[in-house]
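Architecture at a glance
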Amino acid sequence: MSRNVFLFEIAAARGDAEEVERALLSRTSALALGDFPTLDPALFAHRILRGKGASYTWEIGLDEIEEARRAELHAALLEQIQTSLAGVAELRSSAAYADPSLPAPGLDPARARGGRGGALSFADGDLPVWEDHARGSGAVEAGSALPGDLTADIARFRAAVPVEPGLKPWGAGHVYTGSADRDHLAYLHGYLDARAARASPADRRKITAFRAFQAREGSTAAINTYDDQIVTWGTGWGGRGWLGKVMERATANDAVREALGAAGVRYRGSNVYDVVDLDAGMVVTGGKEALEILRRSVPLLHLLIDLARNPGTRDAVTEAQLRTFMDGSGNICGADAIATQALFNLVAHLKHWAPGYVIGCLEWAVPQLGPGSPSEERDRRLAALVGRYFYGKARKHRWIPDFRQFRLYFRHMKDDGLDCLHEPFLQAAGPPADDPFAAATDAPPPRAPSPPKAPRLTRAPLAGQPDLESVASGRGALRRGARGPGVKALQEALIALGESVPGGADGAFGPGLEAAVKRFQAERCLAADGVIGAATLAALDAAVAAGAATRAAGAETSNRKEEEEHR
């Protein structure tokens, strides 16, 4: 296993450096690959590196364990980046690399608890631990066979793990859904309901969607080891996808980390694991090869189930899976256009299934409906457009998702309170074969140019900023990572309204500005996602105008008092 790194050398085609950099950064957040529809773009790590003159390097990293597909992934990225750079920059060259370095081992579970004050002891009297035998551990035992006493300890621990009778052989592996465990489902509903009650409106939607997934994708204790994801734990977290993110969060908890360590399992990071192979008496380090050991060990599968259900560890595991869902499938761009939880659940489920066919669906579908406020009836029409977008994207690539499963998600949406099963394309025997993008882009004959539209933003510092005016017109959004004069104007407006913006008006959309935007949105009952869309920008412009009117009225009152005092 090695990390994939792709480098794209770019030369700016137009504009000043700040404008080009802003355009490049915005394209990193919009990158999606139809050729890899089940690969969530949120797993990519992007960096834009500035070189001499007008040259840049776009670096994309991915903890992908299937190295055989690197060339195919490189070709897909190359095609997508060439398209996205049109008119902004010219792609000069590209290359794909494998990074064979291993993440640092981190703390051994046996040494995770130090003395008073958290100090760790590495004195001569420290007991040997199996982690010392892992490749790249830094110990003299690295890569060597395990002594018999250590393998015996691990074998005894694995044998003592509670057995779940519901874990059954299936195909080349095992499966357990957790759907019959009423006690665990009751715990999950209580935990998630409590989390939703104290969350922002935007996060509440995500948490509610994750709650619905427990009966549809499997509970947080679910197991699947029969497909190409090698090991899938919980609500659909596969070894070739999001499982590493879940493990990273879960093993931050001492009890989870120590239980895994006692069983001979350690997560290092970047989809790299150390797993003890009892048959070989060795520690296997890597991605696929280490997960294959876990896949073959039924006691380790029982341990994952137990960690998700045990009162001492279940909160940590549930929170790890929830946070990963909120960052991935539940992170839906343009969700403020959705009125109902039912449609949000549908889009999240489709994204969980094939993110490459879903990303961008709302940005495309909402303009097809024309002007209007979010409503249940508008959501029905929007759901049909999302479905047509999904298969329109699929038709451009090799994999056509199963139509029966697709319709099942629409039946779930009906169960959640929004029914559009009467739509003709859902009544058909197979998925739609037409091209919705061609139909949507058919244009009437050219007309005489229309007079310029009046600007939507009327108050300084927001007025007169082209990128903000574009957002106000419904074209795009500004989010964390953006830079430029428009971001600076946003910061100045929020500061003028009394919001705290760490770093001041520096033109960089960082975590401080994102937090300020979320507070502003929450105060005005907007979706508190920290993203500047048309609705948020309109509310901010109105607030600036109201503040200016208040100051003007105060000044007029003050002037009248002065005049009266002079009389």
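Going by the structure above, here's the rest.
Residues numbered from 1 in each chain as written. Predicted model: local features only at pLDDT ≥ 70, side-chain atom pairs only at ≥ 80, totals over all residues. Heavy atoms only, no water.

Turning our eyes to something else, we now look at the overall build of the chain. Along the backbone of the chain there are 20 helices and 12 strands. Taking the intrachain contacts of the chain between residues at least 6 apart in sequence as the baseline, contacts between residues at least 24 apart amount to 64%. (Helix = DSSP H or I, 4+ residues; strand = E, 2+ residues; numbered from the N terminus. Contact = heavy atoms within 4.5 Å.)

Moving on, we come to the packing of helix H5 (residues 201-213) against helix H10 (residues 314-327). Running from N to C, H5 and H10 point in directions that differ by 115 degrees, and their axes come no closer than 10 Å. Of the two elements, H5 crosses H10, and the hand of that crossing is right-handed. Of H10, the residues touching H5 (which contributes Asp 203, Lys 206, Ile 207, Ala 209, Phe 210 and Phe 213) are Gln 321, Leu 322, Phe 325 and Met 326. (Axes fitted to C-alpha atoms, helices over the stretch in contact; angles between N-to-C directions. Left-handed = near helix turned anticlockwise from the far one by under 90°.)

Glancing now at the pairing of strand E2 (residues 45-50). As defined by bridge partners, E2 adjoins strand E3 (residues 55-62) across 6 bridges and the pair is classed as antiparallel. Directly across from Ala 45, in E3, lies its bridge partner Gly 61. Joining the antiparallel neighbours E2 and E3 is a turn of 4 residues, in which Gly 53 adopts a positive phi near 60 degrees. (Pairing = 2+ DSSP bridges.)

What follows covers unusual backbone geometry. At the junction of Ala 460 and Pro 461, the peptide bond is cis and its omega measures out at 5 degrees in the coordinates. Summarising the element assignment, Pro 461 is placed in the loop between helix H16 (436-441) and helix H17 (466-472). In this structure, Ser 270 is a non-glycine residue whose phi angle is positive, near 55 degrees. By the secondary structure assignment, Ser 270 is in the loop between strand E10 (265-269) and strand E11 (272-277).

With that settled, consider the layout of surface pockets. In this model, the second largest pocket occupies a volume close to 1,300 Å³. What lines the second largest pocket is a set of 48 residues, among which Asp 227, Gln 229, Gly 236, His 352 and Trp 353 lie closest to the centre. When contributions to the lining of the second largest pocket are tallied by element, the ones reaching two or more residues are strand E6 (173-176), strand E7 (223-224), strand E9 (237-238), helix H11 (341-353) and helix H14 (403-415). Taken together, the residues of the lining of the second largest pocket break down into 18 nonpolar, 19 polar and 11 charged. (1 Å grid on protein atoms, 1.4 Å probe; cavity = no way out; pocket = protein on both sides within 12 Å on 5 of 7 lines; lining within 4 Å. Points joined across faces, edges and corners; volume = space filled by probe spheres on them. Nonpolar A, V, L, I, M, F, W, Y, C, P; charged D, E, K, R; others polar.)

Below, the discussion takes up the pattern of salt bridges. Pairing between side chains of opposite charge can happen when the charged atoms of each approach one another. Per the stated rule, a full pass over the model turns up 22 salt bridges. For the salt bridge of Glu 59 with Arg 47, the shortest nitrogen-to-oxygen distance reads 3.1 Å. With Glu 59 in strand E3 and Arg 47 in strand E2, this residue pair connects regions lying 12 residues apart in the sequence. Using a relative accessible area of 47% as the deciding quantity, one classes Arg 47 as partly exposed. (Salt bridge = Lys/Arg side-chain N within 4 Å of Asp/Glu carboxyl O. Buried < 20%, exposed > 50% of the residue type's maximum accessible area, 1.4 Å probe, protein only.)

The strand order across the open sheet built from 4 strands is E2-E3-E1-E4, with neighbouring strands paired in antiparallel fashion. Where the open sheet ends on each side, the last strands, each with one partner, are E2 and strand E4 (89-99). The sheet shows a mean angle of 20 degrees between the axes of neighbouring strands, taken without regard to direction.

Below, the discussion takes up the sheet that holds strand E8 (residues 232-233). Hydrogen bonds between backbone atoms are what pair the strands of a sheet, whose relative direction is either parallel or antiparallel. Pairing is antiparallel in the open sheet, where 5 strands are placed in the order E5-E6-E7-E8-E9. Where the open sheet ends on each side, the last strands, each with one partner, are strand E5 (168-170) and E9. Of the pairings in the sheet, the one linking E6 to E7 comprises 2 bridges and is antiparallel in character. Across the sheet, residue Val 175 finds its bridge partner in E7, namely Asn 224.

This part is about the nonpolar core. By size, the foremost hydrophobic cluster in this structure holds 114 residues, and its most contacted members are Trp 233, Phe 406 and Phe 410. The dominant element in this core, judged by the number of residues it contributes, is helix H13 (residues 376-395), at 9 residues. Those residues in contact with Phe 406 that sit more than four places away from it in its chain are Leu 350, Trp 353, Gly 387, Phe 390, Tyr 391, Phe 425 and Leu 426. Counting 23 residues, the second largest nonpolar core, distinct from the first, contains Leu 468, Leu 494, Val 501 and Phe 509. (Core = buried A, V, L, I, M, F, W, Y, C linked by side-chain atoms within 4.5 Å.)

Once that is clear, we can look at helix H6 (residues 243-250). Residues of H6 that are buried include every one of Leu 243, Gly 244, Val 246, Met 247 and Ala 250, and no others. Projected down its long axis, H6 shows its buried positions confined to an angular sector of 160 degrees, all on one face. (Arc of directions from axis to C-beta.)

The next point concerns the pairing of E11. In terms of burial, E11 is a largely internal element, 6 of the 6 residues being buried. Judged by which residues are buried, E11 turns out to be covered on both faces: Val 272, Asp 274 and Val 276 on one side and Tyr 273, Val 275 and Asp 277 on the other are all buried. Pairing between E10 and E11: 4 bridges, direction antiparallel. Bridging from a neighbouring strand, Arg 266 pairs with Asp 274 of E11. Where E10 hands over to E11, the hairpin turn is made up of 2 residues, of which Ser 270 adopts a positive phi near 55 degrees. In the sheet, E11 pairs with strand E12 (residues 282-286) via 5 bridges, with the strands oriented antiparallel.

Tallying each qualifying case throughout the model produces 19 aromatic pairs. Ring centres of Tyr 357 and Phe 390 lie 5.8 Å apart, and the angle between their planes is 85 degrees; this geometry places the pair in the edge-to-face category. In this pair, Tyr 357 is assigned in the loop between H11 and helix H12 (361-369) and Phe 390 in helix H13, connecting sequence segments 33 residues apart. As far as the burial class goes, Tyr 357 and Phe 390 line up, both buried. Ring centres 5.6 Å apart and planes at 45 degrees place the aromatic pair Trp 364 and Tyr 389 in the tilted group. With Trp 364 in helix H12 and Tyr 389 in helix H13, this pair connects stretches of sequence that are 25 residues apart. One aromatic cluster in this structure is built from Trp 353, Tyr 357, Phe 390, Tyr 391, Trp 399, Phe 403, Phe 406, Tyr 409, Phe 410 and Phe 425. The cationic tip of Arg 314 hangs over the ring face of Tyr 187; the distance from NZ or CZ to the ring centre is 4.1 Å. (Phe/Tyr/Trp six-rings, centres within 6.5 Å; stacked < 30°, edge-to-face > 60°. Lys NZ or Arg CZ within 6 Å of the ring centre and 35° of its normal.)

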